[in-house]
Amino acid sequence: MEKSVYLDYAATTPVAPEVVEAMAPYFTDIYGNASSPHHIGRKARVALEAARGKVAEYLASSPEEIIFTGGGTESNNFAILGVAYALKEKGNHIIASSIEHHSVLEPLKFLEKQGFRVTLVPVDHNGLVDPHDVEKAITPETILVSIMHANNEIGTIEPIKDIAEVAHKHGVYVHTDAVQTFCHLAFAVCGLGIDLLSFSAHKFFGPKGVGGLYVRNGTLLEPFLRGGGQERGLRASTHNVAGIVGMAKAVELRSQKIIKESNREILLRDRFISGIMKRIDGVTLNGHPVQRLPNNINISIAGVDAEALVFQLDTMGIACSAGSACTSGSFEPSHVLLALGFSAQSAAEAVRFSLGTQTMDLDIDYCLEVLPQAVKNIRVIRK
Amino acid sequence: MDIAKDKQYEIIVFPNQDEGLKAQRVLVSQGEDFKHISTLAVAVPEDRTRQVCRAIIDENVLVSGHYPFLYRDYEDDFFKRAKDYKAPESGGEFLKSITLCYVAPCMADEKKIRLIGYFDRDITEILPYINAVIKGASYNKGASTLTYAKERRLINLYNMKITIAKADDIIDAWRILDEIKALINKTYEQRSDIKPNFDEKVKVTALQIYGWLPKTNCKACGEMTCLAFAVKMLQGDQKLNNCRPLINESSFAQNKLIMQELTEALGI
């Protein structure tokens, strides 16, 4: 059989078979609208609230603090626009990091056009935000700090707890984009100390098109979708019951084995990194060496354009990513790598491998075996 | 193989003639169904693309990439155009070849292609001359890059490579690459008659730099005043990133961009 190795779990994950099984009845048998009062609707409602309970259990939050959304991008837009509009009388200044996902940066740009002020704090060469920089940027007008839990491209895990502490000292809300860490790291919302947290099901073996926003009790938030009053009136729209049930099943499956799985991935990750460094010259690891996602490998290979390498590897059956999936469409250098101090030329050499539950030792062996050939091919073309 | 109107095909592109010939020999010997376009490209059924690329790469022959053959190509006789396309007679010795390293569809516009090509030599020294010849190019001395638009195509020249986005198809790409190669060689030959443009049209003074700074004398950079900071910057004793308000405050975003370009162009 033709070799196929998927190393792009940070882009998306396959839906777990148990998740598909859990979802199936909600398309055909339990098809009711969760807002309908009759017995068919009530069945859907029960499943919906059970799902909310499971998600809350993972975060150690209350169920009513979970709002279901259509995914990570929506959750980030919701958190930022929701806080900005709810607190616009209090202030108009928002702080984020320069390496946030586009689904944070773009709503911020949108707000700037409406008179809000945005400060993007810098990161160091490993991609770490310094909580002192956040504190220095806080003004009496600041209403929100939004810093991602871990970066999607380079995998650096940010010191969210410390950032939340300094922000709260000044009475400022904290949002974190936890799309890359939710169900990948073990944490509780109270441990992070944040007010809002975004997550997305398809990053942890759940279905696409469903996610959520944790909103700490008492947090002021303007509704995101207006209509039928679902999700406490904050996010109207008929519930995606099957999707939500699937997400909850994915949370349940995943949360039982986060520590075991992340330890396994760390071993694979580090073997992969040291293996590449041994076999290929001119390799640098991008992002923080230790404080990084267990499944993230982001390397630059001198003189090898990442996109050309991704193509060579694809023909060899390996699926990985140049930069992040969202930016790999153009020759625009990644804003994340530029923020780390890369030149446009070296940013074009960064390639990301992200591991997942189905990544086995054999897959890493195969990659280490063929990578030198792929790199050689490109270096030969160059000569 | 004949091309049918109602089927999907991909065009596979090779980096140069040598590799293209070797690749097609591999395909013939393996009895693979393909249509010869030129020594530099073939068309294969869409569902065979990966296997074909794999088979070629397994024989240690190089492939640059592939992109979808469109109905449009069928209509305007792509194959005849490809066959008729002749690279102009090699003019000049400075740059001998540009090797196509990567070809793929544009993400934003699937009907266009983008590519990366490598030069057989470093062209850094000639970039300021090309900057003088091409109107409206943006030259970055520090990073040694030159960016310009050729009609709707976006072209980036680096020291050792070129990227093109939004080319119409591979024939368009070959033509543009050949034109750029000729341009580089011609510019090199005539360089003694060209005044190189290092993009320092503005002789920058400390006062001009000061003009782009926040002018708040906040002292965060360690200098007493913004003007002192500007003077130090021009001497290379201060870095732009030390001006925290300029870097962090969104209200200075435009100034920041201008200053970043300026400092890169000046290499300070």
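Report follows, based on the coordinates.

Parameters and conventions
- Residues numbered from 1 in each chain as written.
- Chains lettered and ligands numbered in written order.
- Predicted model: local features only at pLDDT ≥ 70, side-chain atom pairs only at ≥ 80, totals over all residues.
- Core = buried A, V, L, I, M, F, W, Y, C linked by C-beta atoms within 7 Å.
- Buried ≥ 20, exposed ≤ 12 C-beta atoms within 10 Å, placed from the backbone.
- Contact = placed C-beta atoms within 7 Å.
- Axes fitted to C-alpha atoms, helices over the stretch in contact; angles between N-to-C directions.
- Helix = DSSP H or I, 4+ residues; strand = E, 2+ residues; numbered from the N terminus.
- Left-handed = near helix turned anticlockwise from the far one by under 90°.
- Pairing = 2+ DSSP bridges.

### What about the nonpolar core?
Nonpolar side chains tend to gather and get buried jointly when the protein is soluble and globular.
Piece 1. Core analysis: the largest hydrophobic core is formed by 174 residues, its most contacted members being A:Ile94, A:Val245, A:Leu309 and B:Ala41.
Piece 2. B:Ala41 has contacts with B:Ile11, B:Ile12, B:Val13, B:Phe14, B:Ala82 and B:Ile170, leaving out every residue within four places of it along the chain.
Piece 3. Among the nonpolar cores identified, the runner-up in size contains eleven residues, and B:Trp212, B:Cys226, B:Cys243 and B:Leu246 belong to it.

### Focus on the packing of helix H3 (residues 39–59) of chain A against helix H9 (residues 241–255) of chain A
Residues and elements named next belong to chain A.
Piece 1. Contact geometry for H3 and H9: axes closest at 9 Å, N-to-C directions at 35°. Note that H3 runs across H9; the crossing there is left-handed. Packed against H3, whose contacting residues are Ala44, Ala47, Leu48, Ala51, Lys54, Val55 and Tyr58, the element H9 presents Val241, Ile244, Val245, Met247, Ala248, Val251, Glu252 and Ser255 at the interface.

### Here's the deal with unusual backbone geometry
Residues and elements named next belong to chain A.
Piece 1. At Phe205, a residue that is not glycine, the phi angle is positive and equals roughly 70°.
Piece 2. For Phe205, the position within the fold is in the loop between strand S7 (196–200) and strand S8 (211–215).
Piece 3. Taking the number of C-beta atoms within 10 Å as the measure of exposure, Phe205 has 26 and is therefore buried.

### Things to note about the pairing of S8(A)
Residues and elements named next belong to chain A.
Piece 1. With five of five residues buried, S8 lies mostly within the body of the structure.
Piece 2. Here S8 shows two buried faces, one formed by Gly211, Leu213 and Val215 and the other by Gly212 and Tyr214.
Piece 3. As defined by bridge partners, S7 adjoins S8 across five bridges and the pair is classed as antiparallel. In the sheet register, Leu197 faces S8, and the bridge partner there is Tyr214.

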